[in-house]
Structures are given as structure tokens and as C-alpha cells.
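Given next are the chains, with one letter for each unit.
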Amino acid sequence: MTKEVIKFDHVSKSFGDHQVIKDLSFTINAGEFITILGTSGCGKTTTLKMINGLLTASSGQVLVNGLDPQTTDLVALRRQIGYVVQQVGLFPHMTIADNLSITPKLMGWNQEQIKQRNLELLKLVDMDNGDYLNRYPRELSGGQQQRIGVARALAANPPIVLFDEPLGALDALTRLNLQEDLKKLHQQLNDHTFVLVTHDINEAFFLGQRVMIMDQGHIEQFADPQTIIDQPATPFVKALLQTEIDHQRIWRERHD
Ligand SMILES: Nc1ncnc2c1ncn2[C@@H]1O[C@H](COP(=O)(O)OP(=O)(O)OP(=O)(O)O)[C@@H](O)[C@H]1O
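Residues numbered from 1 in each chain as written. Predicted model: local features only at pLDDT ≥ 70, side-chain atom pairs only at ≥ 80, totals over all residues. Heavy atoms only, no water.

Caption draft 1: Layout of the packing of aromatic side chains. Evaluated as defined, the whole model comprises four aromatic pairs. Plain terms: the ring middles of phenylalanine 26 and phenylalanine 222 are 6.2 Å apart, the flat faces sit at 90 degrees to each other, and that makes the pair edge-to-face. Note that phenylalanine 26 is positioned in strand E2 (residues 18-29) and phenylalanine 222 in strand E9 (residues 218-223), a separation of 196 residues in sequence. A residue is classified by how much of its surface remains accessible, and phenylalanine 26, at 6% relative accessible area, is buried. Between phenylalanine 33 and phenylalanine 194, the ring centres sit 5.3 Å apart and the planes meet at 75 degrees, which makes this aromatic pair edge-to-face. Taken together, the residues span a long stretch of sequence, with phenylalanine 33 in strand E3 (residues 33-38) and phenylalanine 194 in strand E7 (residues 193-198) at a distance of 161 residues. An identical accessibility class is assigned to phenylalanine 33 and phenylalanine 194; each is buried. Site record: aromatic cluster; members linked through ring pairs are Phe8, Phe26 and Phe222. The positively charged end of lysine 183 is found above the aromatic ring belonging to phenylalanine 206, 4.0 Å away from the centroid. (Phe/Tyr/Trp six-rings, centres within 6.5 Å; stacked < 30°, edge-to-face > 60°. Helix = DSSP H or I, 4+ residues; strand = E, 2+ residues; numbered from the N terminus. Buried < 20%, exposed > 50% of the residue type's maximum accessible area, 1.4 Å probe, protein only. Lys NZ or Arg CZ within 6 Å of the ring centre and 35° of its normal.)

Put into C-alpha cells, the structure is as follows:
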């Protein structure tokens, strides 16, 4: 039976008199890998931040595992939701081990549990092949830092992980590798729900079991990639798909 883990019910969000999110309603089920795709400024990050309580809805209701993020305490929320951002957000003056331990410490785990979990986490993100735990973030490449960012979000094994443009700052090859690894990670974790924001159409369609296409604060289409390709719901979605077809045509013309 499918279980709803994230539910938006007629949610809107305004900053001053600028309404950024307009009457947004959707549900995400346990274990899904959802991508949110849209142009810059359409409200993707705002939507993600209303899931983990960093922003409050101006009207309507957000529910995460039946809880309202606004009225749930920080520790309970961190147990439910991991968060990975493009800027990685590792603390530069803390070792990788200490960065990974932040949430487990907050939850009162003992030293041995934390040590054990750190080793498991490095394995999960394919970084168990070197002595990374005692290094500082500046001693890792951008791709490795991003892997640690993912590991840190998974530290307390939250059932939901939110990713905000996690691969945006990486070169194309590293990005492709990490896309593959994120997909594998989701399969390996099995019942975890991933929600990933991107403006890269290929990334959205490769990773998302369902893709939420947004424009100007509302959903244009929310469906699996094949349905979107076969039956684009709106002129905006058609135009978005066309940009990708145009890119590929230009690429072929240049290289034939
Ligand atoms: N704290 C804030 N105060 C005022 N306006 C904000 C705030 N946060 C976001 N906005 C505005 O809300 C709109 C949506 O922003 P949001 O960051 O959600 O877009 P996005 O789709 O994630 O864009 P991008 O892909 O560029 O990150 C933008 O016009 C932005 O300027």
C-alpha cells in the first residue's frame, strides 16, 4: 500500500506582496525519488524549504509524515528529513568526522555509535577507500565534499532526504558520476524518499521516478518522465522539452 509522506494542501507563499507559490497541492509517497524541475526563480527552493520548516506557508497546509514542520521540534524534524544543498555547507573548521557527527550528537548518540555510523556513511557514498575522516573539507575535491554533504544528510538515517541543486557546482563528468551514484544510493536505501531540485532537464528525467515541472509558483505537470514526454500537459512543458530537442539537434549538426 502506498503511504503519503509529504502532502501540500493548497499551499501559497508570499514574501511581502510578492506571491511566489500559488495554491500548490501535491502528494509524495514513501520511497519515491521525485525531482522538481523549473526555471530560475519559479519557487523550487521555496517549496523544498517549506517541507523542512525553514520557511512557513502563508496559507494552506504542509504535512510531513503527518506532522506540520512548523510545529515539530528541530530534533524530531532532523530525524525525519535530511538536507543537501549546492553550497554543501560543511563547517570548514571541523574535520569530516565532526561534520558527519553533528546530527547524531544532537540526538545523543554515544561515541562508539557515532564512529561506527561514520564508517558506514563513508561506505554508502563510496569514500571508504582513504582516510577522509580526519581531513578538513578544504582537503577534499568539490565532488568529494558533495559526497560528504550527502553522507551528512543521511547520518541519522532520515526517511526523507531533500536535495537542493546538489550537483550544480560540479563539472559535467563529476556530475554524471554523482547522478549515477545518487540513483544507486536511492535503490540501495530502498524505502527512503528523495526530493531533488534541479534546473537540468536531463538530471530531472534521469533521476526522477516522477518529475514535478514548475513555472511561476505552480505545477505545470507532475508525472513520470515517459508520460511527460508522450503527453506534455501544457505549452510550457512542450517548450521545455523542445529546448532539449533543439540542444541535441545542434549537438548532432556540429558533430556529424
Ligand atoms: N527570503 C526571501 N525574501 C524575499 N524573496 C524571496 C526569498 N526567498 C526567495 N524569494 C523570491 O522567491 C522567488 C522564488 O525563489 P526560489 O529560490 O524558490 O526559486 P528557485 O526556483 O529555487 O530558483 P533558482 O533555480 O534560481 O534557485 C524568487 O523571485 C526569489 O527572489
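On we go from here.
Caption draft 2: Looking closely at the pattern of salt bridges. Enumeration over the complete set of coordinates arrives at six salt bridges. Notably, a salt bridge pairs arginine 210 with glutamate 32, separated by 2.7 Å at the nearest N-O pair. One end of the pair, arginine 210, is in strand E8 (residues 210-215); the other, glutamate 32, is in the loop between E2 and E3, with 178 residues separating them in the sequence. Here arginine 117 makes a salt bridge to glutamate 120, at a shortest N to O gap of 2.8 Å. (Salt bridge = Lys/Arg side-chain N within 4 Å of Asp/Glu carboxyl O.)

Caption draft 3: Examining the confidence of the model for the chain more closely. Considering every residue of the chain, the mean pLDDT works out to 88; 98% of them sit at 70 or more. Taken together, the chains of this predicted complex give a pTM of 0.90 and an interface ipTM of 0.95. (pLDDT = per-residue confidence, 0-100.)

Caption draft 4: Highlighting the site of the ligand. The environment of the ligand is made up of Phe15, His18, Val20, Thr39, Ser40, Gly41, Cys42, Gly43, Lys44, Thr45 and Thr46. Backbone polar atom of glycine 41 to an oxygen atom of the ligand: 2.8 Å apart, as the coordinates give it. With respect to the ligand, the side chain of threonine 45 contributes an N or O atom lying 2.8 Å from an oxygen atom. Burial of the ligand by the surrounding chains reaches 57%, relative to a free accessible area of 640 Å². Contributions of two or more residues to the shell around the ligand are made by E2 and helix H1 (44-51). Per element, the largest residue contribution to the shell around the ligand is three residues, and it comes from H1. When the residues that make up the shell around the ligand are grouped by side-chain class, the tally is three nonpolar, seven polar and one charged. (Near = heavy atom within 4 Å. Polar contact = N/O pair within 3.5 Å; in protein donor to acceptor, adjacent residues only side chain to side chain. Areas by Shrake-Rupley, 256 points an atom, 1.4 Å probe, with all protein chains shown as cover. Nonpolar A, V, L, I, M, F, W, Y, C, P; charged D, E, K, R; others polar.)

Caption draft 5: Highlighting H1. Of all eight residues making up H1, six are buried, and the element is well covered by its neighbours. For H1, the full list of buried residues reads Lys44, Thr46, Thr47, Leu48, Met50 and Ile51.

Caption draft 6: View of the packing of helix H6 (residues 142-154) against helix H7 (residues 172-189). Orientation of H6 relative to H7, taken along the N-to-C sense of each, is 20 degrees, at an axis distance of 11 Å. Compared by their axis directions, H6 and H7 come out roughly parallel. For the pair H6 and H7, the sense of crossing is right-handed. Across from Gly143, Gln146, Arg147, Val150 and Leu154 in H6, the residues of H7 making contact are Thr174, Leu178, Asp181, Leu182, Leu185 and Leu189. (Axes fitted to C-alpha atoms, helices over the stretch in contact; angles between N-to-C directions. Parallel < 35°, antiparallel > 145°, perpendicular 65-115°, else oblique. Left-handed = near helix turned anticlockwise from the far one by under 90°. Contact = heavy atoms within 4.5 Å.)

Caption draft 7: Representation of the nonpolar core within the structure. With 31 residues, the main nonpolar core has Leu100, Ile148, Val150, Leu154, Phe163, Leu182 and Leu185 as its most contacted residues. Where this core is concerned, the elements lending two or more residues are helix H3 (96-100), helix H5 (111-124), H6, strand E6 (160-164), H7 and E7. Counting residues per element, this core draws most heavily on H6, which supplies five residues. If near-sequence neighbours (up to four positions away) are discounted, leucine 185 is found in contact with Leu124, Val150, Leu154 and Phe194. (Core = buried A, V, L, I, M, F, W, Y, C linked by side-chain atoms within 4.5 Å.)

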